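Fold and geometry: a report
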Amino acid sequence: MAEFEVVIRDLKSPYGLAFDADDVLFVSQSGAGLVSRVQDGRVEPFAKTGSRPCGIAFDDSGDLFVAEGGRHHLILISPDEAVEVYASSCRGRRFASPEELCFAPTGDVLFSDAGHGEQEGDGSVYRADLDGEVTEIISGLSSPAGMILSEDAGVLYVSERGHHRIVTLEIDAEGNLENHQVFVELKDGGSAECLLFDAHGQLYASVPGQGILVIDPEGDTVDTLELPSAALAGMAFGGLEFDQLFVCEGDGVYRASVEVPGQRPFAGPRSV
């Protein structure tokens, strides 16, 4: 059983986690409107995003992308801490509430938009290419949040919180999504905030009130990692062997060693 220890506390609603190329941890504080850097047990402000930053991810050129739910933007923060809006709409329609994001091997950014509420069923997944051109690749989801690509980049897993489930969508040669399937129905009204894969293809899902569920490729929960309180959000694998699991919980970030290393996230190529 993984045992969690405190990395840092006294944050304001920490949500997203990401490591840069130097293995420095960054965390979005959705209650403070900023992204912070965590080094040597200290938290340092990195950049203000303006409202409610959620998911974060680095590309291979060191740019940090942020799903800014409160400002309805996808934001890019360069290594010199300059902040710019990378995308704010698709075909003239403003984003409602960007939540999570991940990179495809091509360098495209995939990000979820929770829409205007679980009952609306107007959530989407978008793709922003290297030029910032945005395409809606799936619509009609109920409050989508966490998302992650399979190791071969052929399947996208999305947490559909409004329906308390995780769904899968196959990615065709043009990068569009098809064959929408339910991967797992979460028990007791659970809804996953963040999704990660380990190197064995097991899916980690942070489910507030239940813990971190470890789900095998058949959709069966094989383990549950428990934390002190019920408020769970973003996760990231880190450490030299990528066998440290970091998670946002309550007002802090926790860390635990795991037996199976994490799947390394795609990050580009964007620097070419």
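Our subject is the structure listed above.
This brings us to the overall build of the chain. Helix and strand counts for the chain come out as zero helices and 26 strands. The C-alpha atoms of the chain give 17 Å as radius of gyration, which agrees with the globular expectation for 272 residues (19 Å, within 12%). Projected onto the principal axes, the alpha-carbon positions of the chain cover approximately 45 × 45 × 35 Å. The 272 residues of the chain split such that 57% are buried. Carbon together with sulfur atoms contributes 43% to the accessible area of the chain, which is approximately 11700 Å² in total.

Time to look at the side chain of Ser 30. Relative to the helices and strands, Ser 30 resides in the loop between strand E3 (25-29) and strand E4 (34-39). Within the local environment of Ser 30, its side chain forms a polar contact with the backbone oxygen of Ser 13, the two atoms lying 2.8 Å apart. Those residues in contact with Ser 30 that sit more than four places away from it in its chain are Lys 12, Ser 13, Tyr 15, Ser 51, Arg 52 and Pro 53.

Across four bridges, the pairing between strand E22 (residues 211-215) and strand E23 (residues 221-225) is antiparallel. Within E23, the position partnered with Leu 213 by the bridge is Thr 224. From the end of E22 to the start of E23, which pair antiparallel, there are five residues, and Gly 219 there has a positive phi angle of about 95 degrees.

The subject of this paragraph is the packing of aromatic side chains. All told, the structure shown has 12 aromatic pairs when counted by the stated rule. Here the aromatic rings of Phe 95 and Phe 111 are separated by 5.2 Å at their centres, their planes lie at 75 degrees, and the arrangement is edge-to-face. Taken together, the residues span a long stretch of sequence, with Phe 95 in the loop between strand E11 (93-94) and strand E12 (98-103) and Phe 111 in strand E13 (residues 109-113) at a distance of 16 residues. Residue Phe 95 is classed as buried on the basis of its relative accessible area, which comes to 3%. An aromatic cluster of three or more residues is present, and its members are Phe 26, Phe 46 and Phe 58. If you follow Arg 264 out to its NZ or CZ, it ends over the ring of Phe 242, 4.2 Å from the centre.

The next subject is the sheet that holds strand E24 (residues 232-238). The four strands lie next to each other as E1-E26-E25-E24, forming an open sheet whose pairing is antiparallel. The open sheet has two edge strands, strand E1 (5-8) and E24, and neither has a second partner. Averaged over all adjacent pairs, the angle separating strand axes in this sheet is 30 degrees, with direction ignored. Both E24 and strand E25 (residues 244-249) contribute to a ladder of five bridges, which runs antiparallel. Considered in E25, the bridge of Leu 232 is made with Glu 249.

We now examine the nonpolar core. Generally speaking, nonpolar side chains in soluble globular proteins are found buried as a group. Within the largest apolar cluster, 18 residues are counted, with the highest numbers of intra-cluster contacts made by Phe 4, Tyr 204, Ile 212, Leu 225, Met 235, Leu 245 and Val 247. Looking at this core, the elements with two or more residues in it are strand E20 (194-197), E22, E24, E25 and strand E26 (252-257).

Let us now look at the pattern of salt bridges. Across all of its chains, the model carries 11 salt bridges by this definition. For the salt bridge of Arg 165 with Glu 160, the shortest nitrogen-to-oxygen distance reads 2.9 Å. On the basis of relative accessibility, which here comes to 1%, the residue Glu 160 falls in the buried class. We note a salt bridge from Glu 193 to Arg 161, for which the minimum N-O separation is 3.2 Å. Of the two residues, Glu 193 sits in the loop between strand E19 (177-185) and E20 while Arg 161 sits in the loop between strand E17 (155-160) and strand E18 (165-171), which places them 32 residues apart along the sequence. Side by side, Glu 193 and Arg 161 carry an identical accessibility label, which is buried. Each of Arg 37, Arg 42, Glu 44 and Glu 81 takes part in one network of salt bridges that share partners.

In this section: the sheet that holds strand E5 (residues 42-48). Taken together, the four strands give an open sheet; going across it, the order is E2-E3-E4-E5, and neighbouring strands pair in antiparallel fashion. Where the open sheet ends on each side, the last strands, each with one partner, are strand E2 (14-19) and E5. The sheet shows a mean angle of 30 degrees between the axes of neighbouring strands, direction not considered. The pairing of E3 with E4 spans five bridges and is antiparallel. For Phe 26, the partnering residue across the bridge sits in E4 and is Arg 37.

Here is what the cut-offs are and how they apply
Residues numbered from 1 in each chain as written. Predicted model: local features only at pLDDT ≥ 70, side-chain atom pairs only at ≥ 80, totals over all residues. Heavy atoms only, no water. Helix = DSSP H or I, 4+ residues; strand = E, 2+ residues; numbered from the N terminus. Rg over C-alpha atoms; globule rule 2.2 N^0.38 Å. Buried < 20%, exposed > 50% of the residue type's maximum accessible area, 1.4 Å probe, protein only. Areas by Shrake-Rupley, 256 points an atom, 1.4 Å probe, with all protein chains shown as cover. Polar contact = N/O pair within 3.5 Å; in protein donor to acceptor, adjacent residues only side chain to side chain. Contact = heavy atoms within 4.5 Å. Pairing = 2+ DSSP bridges. Phe/Tyr/Trp six-rings, centres within 6.5 Å; stacked < 30°, edge-to-face > 60°. Lys NZ or Arg CZ within 6 Å of the ring centre and 35° of its normal. Axes fitted to C-alpha atoms, helices over the stretch in contact; angles between N-to-C directions. Core = buried A, V, L, I, M, F, W, Y, C linked by side-chain atoms within 4.5 Å. Salt bridge = Lys/Arg side-chain N within 4 Å of Asp/Glu carboxyl O.

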